[in-house]
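# Residue-level structural notes
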Amino acid sequence: MARTLLHTIPPTTAARPAAAPTRTATRRSYLMCRPEYFTVSYAINPFMHPDEPTDTALAVRQWDALRDVYRGLGHEVEFLAPVPGLVDMVFAANGGFTVDGRAYLASFAYPERRPEADSFRAWFAAHGFETHEPASVNEGEGDFAFAGGVILAGHGFRSTADSHTELARVFGREVLSLRLVDERFYHLDVALTVLDSAATGGPARIAYLPSAFDEAGQALLAQRFPDSIIVSEQEAAILALNSVSDGRNVVVAQDAHDYIAALAGAGYTPVPVDLSELLKSGGGVKCVSQELRR
Ligand code: ARG
């Protein structure tokens, strides 16, 4: 089949209209925690205003809709039980990072979130993961992303650079360390999305906001991911980049119009959702979804 195709490809494709490549979805598993106790009662990022009202029931409805979107796309959703008083526990991405059935556990930067770590530890241990205790402060998949064999890792606001050394040791993979420099983009997952983690063999592809990174980080990303989607600061500020891709479908904040158009133009299928209530805590689609890689 491949041989036949090779012989039918014309010598030059320069005159053809550029067609978006076909993207391939792979089935994913996500860990989620229902926002039954969600509110904003402290401020540990610039989005959070404890004196402004929140609507827990609306947060739950928006979260339920996202869960149903994942199921509709054929993905598996697993659940961590929410704990009364742990208002940020819905942001399940922060509770750990998994690759190859190993879970590197979180050690939260702020005392308000530290008690969450026990629930995540127990969950991973009970669900067949080999758990690795962290020696360094890190917020799991909030700051770590798996991109085609390499791990992208952010530091500067929450996770420490030391945690990147631990990551490399735990997973035995290359870690690209990136310094975050804008307090609005305090986690890697609000500054960068992995669109295609190369599960199907091609190169990994990302979308990101260059100005969220220091100069060295910008240079590294440009060099390693030349074929990226660049997102505006304005859309990144509504957490456009806090999106979740299965290689083809990209679940994304519904108001990120330019990013949604760019995704469609690049052959992805944008799946817009509304998580406006969780945005009040500085979280979006990706923050509430930790991918489980067994
Ligand atoms: N209020 C939460 C915090 O500041 C939001 C966490 C968002 N999670 C994420 N993966 N970016 O910790």
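Report on the accompanying structure. Here the structure is a predicted model, which means the values were calculated and not measured.

Attention shifts here to the sheet that holds strand β8 (residues 175-179). Strand pairing in a sheet takes place through backbone hydrogen bonds and is either antiparallel or parallel in direction. The strand order across the open sheet built from three strands is β6-β7-β8, with neighbouring strands paired in mixed fashion. Each edge of the open sheet carries a strand with a single partner, namely β6 (144-147) and β8. The average undirected angle you get between the axes of adjacent strands in this sheet is 20°. Along the sheet face, helix α4 (residues 161-171) touches β6, β7 (150-155) and β8 and points at about 160° away from the line of β7. Sheet contacts for helix α5 (residues 215-224): β7 and β8; angle to β8, the most-contacted strand, approximately 140°.

Attention now goes to the site of the ligand. Around the ligand, the surrounding shell holds 16 residues, and the nearest of these are Arg 113, Arg 158, His 187, Asp 189 and Cys 287. One of the side-chain nitrogen or oxygen atoms of Asn 94 is found 3.1 Å away from a nitrogen atom of the ligand. Starting from 340 Å² of accessible surface for the ligand in isolation, the protein chains cover 100%. The cavity that encloses the ligand is the largest cavity. The residue makeup of the shell around the ligand, split by class, is six nonpolar, six polar and four charged.

Here the focus is unusual backbone geometry. Positive phi, close to 55°, is recorded for Asp 100, a residue that is not glycine. Tracing the backbone through its elements, the reader meets Asp 100 in the loop between β3 (96-99) and β4 (102-105). At Leu 239, a position not held by glycine, the phi torsion is positive, near 65°. Note on placement: Leu 239 falls in the loop between α6 (233-236) and β12 (244-245).

This part takes up the layout of surface pockets. A water-sized probe, rolled over the atoms, reveals where empty space remains. Here the largest pocket defines a volume of roughly 460 Å³. The wall of the largest pocket is formed by 32 residues, among which Arg 28, Phe 146, Ser 197, Glu 291 and Arg 293 lie closest to the centre. Within the residue set of the lining of the largest pocket, elements represented by two or more residues are β1 (29-32), β6, β9 (192-196) and β12. It is β9 that contributes the most residues to the lining of the largest pocket, five residues altogether.

Here β3 shows no split at all, with Gly 96 and Thr 98 on one side and Phe 97 and Val 99 on the other all buried. Sheet topology note: the β3/β4 ladder contains four bridges and is antiparallel. Within β4, the position partnered with Gly 96 by the bridge is Leu 105. The antiparallel hairpin formed by β3 and β4 contains two residues in its connecting segment, where Asp 100 sits at a positive phi of about 55°.

So, on to the environment of Leu 292. Along the chain, the position of Leu 292 falls in the segment after β15 (290-291). Taking relative accessible area as the criterion, Leu 292 reaches 5% and is therefore assigned buried. Considering only alpha carbons, one finds Leu 292 and Glu 166, 126 residues apart in sequence, at a separation of 19 Å.

Side chains Arg 205 and Ala 207 project from strand β10 (residues 205-208) onto one buried face, and the interleaved Ile 206 and Tyr 208 project onto a second face that is buried too. Where the polypeptide runs from β10 across α5 and back to strand β11 (residues 229-230), its parallel neighbour, the crossover connection is right-handed.

Let us now look at empty space enclosed by the protein. Tallied over the full model, the rule gives two cavities of 30 Å³ or more. When its volume is computed, the largest cavity comes out at roughly 70 Å³. By residue class, the composition of the lining of the largest cavity is five nonpolar, six polar and three charged. Broken down by class, the residue content of the lining of the second largest cavity amounts to nine nonpolar, no polar and two charged.

For the structure shown, the criterion picks out 21 salt bridges. Residue Glu 116 pairs with Arg 113 through a salt bridge whose shortest N-O separation is 2.8 Å. The same class applies to Glu 116 as to Arg 113, namely buried. For the salt bridge of Arg 179 with Asp 214, the shortest nitrogen-to-oxygen distance reads 3.5 Å. Taken together, the residues Arg 179 in strand β8 and Asp 214 in the loop between β10 and α5 connect sequence positions 35 residues apart. One network of salt bridges, in which partners are shared, links Arg 28, Glu 141, Lys 286, Glu 291 and Arg 293.

Cut-offs applied
- Residues numbered from 1 in each chain as written.
- Predicted model: local features only at pLDDT ≥ 70, side-chain atom pairs only at ≥ 80, totals over all residues.
- Heavy atoms only, no water.
- Pairing = 2+ DSSP bridges.
- Helix = DSSP H or I, 4+ residues; strand = E, 2+ residues; numbered from the N terminus.
- Axes fitted to C-alpha atoms, helices over the stretch in contact; angles between N-to-C directions.
- Contact = heavy atoms within 4.5 Å.
- Near = heavy atom within 4 Å.
- Polar contact = N/O pair within 3.5 Å; in protein donor to acceptor, adjacent residues only side chain to side chain.
- Areas by Shrake-Rupley, 256 points an atom, 1.4 Å probe, with all protein chains shown as cover.
- 1 Å grid on protein atoms, 1.4 Å probe; cavity = no way out; pocket = protein on both sides within 12 Å on 5 of 7 lines; lining within 4 Å.
- Sits in = over half its atoms within 2 Å of the grid points.
- Nonpolar A, V, L, I, M, F, W, Y, C, P; charged D, E, K, R; others polar.
- Points joined across faces, edges and corners; volume = space filled by probe spheres on them.
- Buried < 20%, exposed > 50% of the residue type's maximum accessible area, 1.4 Å probe, protein only.
- Right-handed = clockwise from strand over helix to strand, strands pointing away.
- Salt bridge = Lys/Arg side-chain N within 4 Å of Asp/Glu carboxyl O.

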